[in-house]
Amino acid sequence: MSQPATLTTGPRAPAGVAARATELTKVYGEGETRVVALDSVSVEFGRGRFTAIMGPSGSGKSTLMHCMAGLDAVSAGSARIGDTELSGLDDRRLTRLRRERIGFVFQAFNLMPTLNALENITLPLDIAGRTPNQEWLDLIVRTVGLSGRLRHRPSQLSGGQQQRVAVARALASRPEIIFADEPTGNLDSRSGAEILGFLRDSVRELGQTVVMVTHDPVAASYADRAVFLADGQLTDELPAPTPETVLDRMRHFDTTVRTD
Ligand code: ADP
Ligand code: MG
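The structure displayed is predicted, hence computed values, not measured ones. (Residues numbered from 1 in each chain as written. Chains lettered and ligands numbered in written order. Predicted model: local features only at pLDDT ≥ 70, side-chain atom pairs only at ≥ 80, totals over all residues. Heavy atoms only, no water.)

**Looking at the sheet that holds strand β5 (residues 84-85)**
Note the following rule: Strands were regarded as paired on the criterion that DSSP finds at least two bridges between them. Secondary structure follows DSSP: runs of H or I at least 4 residues long count as helices, runs of E at least 2 residues long count as strands, and numbering of each begins at the N terminus. In this description, contact between two residues means that some pair of their heavy atoms is separated by no more than 4.5 Å. Only the stretch in contact is used when fitting a helix axis, every axis being a line fitted to C-alpha atoms; angles between N-to-C directions are given from 0 to 180 degrees.
With antiparallel pairing, the 4 strands of this open sheet are ordered in space as β2-β1-β4-β5. In this open sheet, the two strands that pair with only one neighbour each are β2 (35-46) and β5. The strands touched by helix α1 (residues 61-68) within the sheet are β1 (17-28), β2 and β4 (76-81), with β1 carrying the most contacts at an inclination of about 120°.

**So, the sheet that holds strand β6 (residues 102-106)**
Ordered in space as β6-β7-β8-β3-β9-β10, the 6 strands form an open sheet in which the pairing is mixed. Taken across any chain shown, the strands that pair with only one partner, and hence form the sheet edges, are β6 and β10 (233-239). Averaged over all neighbouring strand pairs, the angle between strand axes comes to 20°, with direction disregarded. Where strand β3 (residues 50-54) and strand β9 (residues 225-230) come together, 4 bridges link them in parallel fashion. Directly across from T51, in β9, lies its bridge partner R225. Packing of α1 onto the sheet brings it into contact with β3, β6, β7 (177-181), β8 (210-213) and β9, and relative to β7 it is tilted by some 150°.

These figures come from the coordinates and say nothing about function on their own.
The following block contains the structure:
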């Protein structure tokens, strides 16, 4: 079934919560190798909003994203997409939820080398047996500036162009929420800025919901809100982050830790 390509524009983002963690705890290993990657984290990700998850390396950012997206099981507490509690789902239902309701963008673009750009973009829909909505597809291809590159294979594209394909792929099914883990980590700063601009446009102009993991204050400044993790705990949050206010929070936290 294809959906109409109605756009939600401007600040009238649809109200509500797209995803929610409640006292989410994730423990890896046991005994001497036991690591508490997330320690009772509660956070909501607003619908139609662009949220950045910030924090130093090892603070639990990827773990939080993986638990929220049904890629990893929680040890305690709850992870919800919309009203769906993920811990209640078996593997088959989790796979379907990821396919139908979530879009992913990873640091390593994860494209299929044998497929061209357009085939990569529509692959998740093809797997799900869904017909792409042509109007929507044209719009996202135009938005990410790939119109002249659709027949190119990933090896014939620059890193920035490959990540644009990955963003278009994440948007193709109009998912309820897109999770991006360090999406600019492998890109030069100009290509990175382009990708961040597309993610922001997909929220502002297309009404999408994006949650992005990053440790880069400049990347976080593209978001509407930044939440901060440290040692597996949610420590802080910042509305309308700028590179300066984010850096300031990070410095403040460093000082707090040092004087502890
Ligand atoms: P970040 O994305 O913020 O760099 P991660 O979420 O990847 O941090 O990791 C948080 C903590 O959990 C780290 O101490 C890391 O070593 C640990 N961790 C992450 N994944 C695993 C795993 N699969 N097995 C064991 N420990 C893990
Ligand atoms: Mg990570």
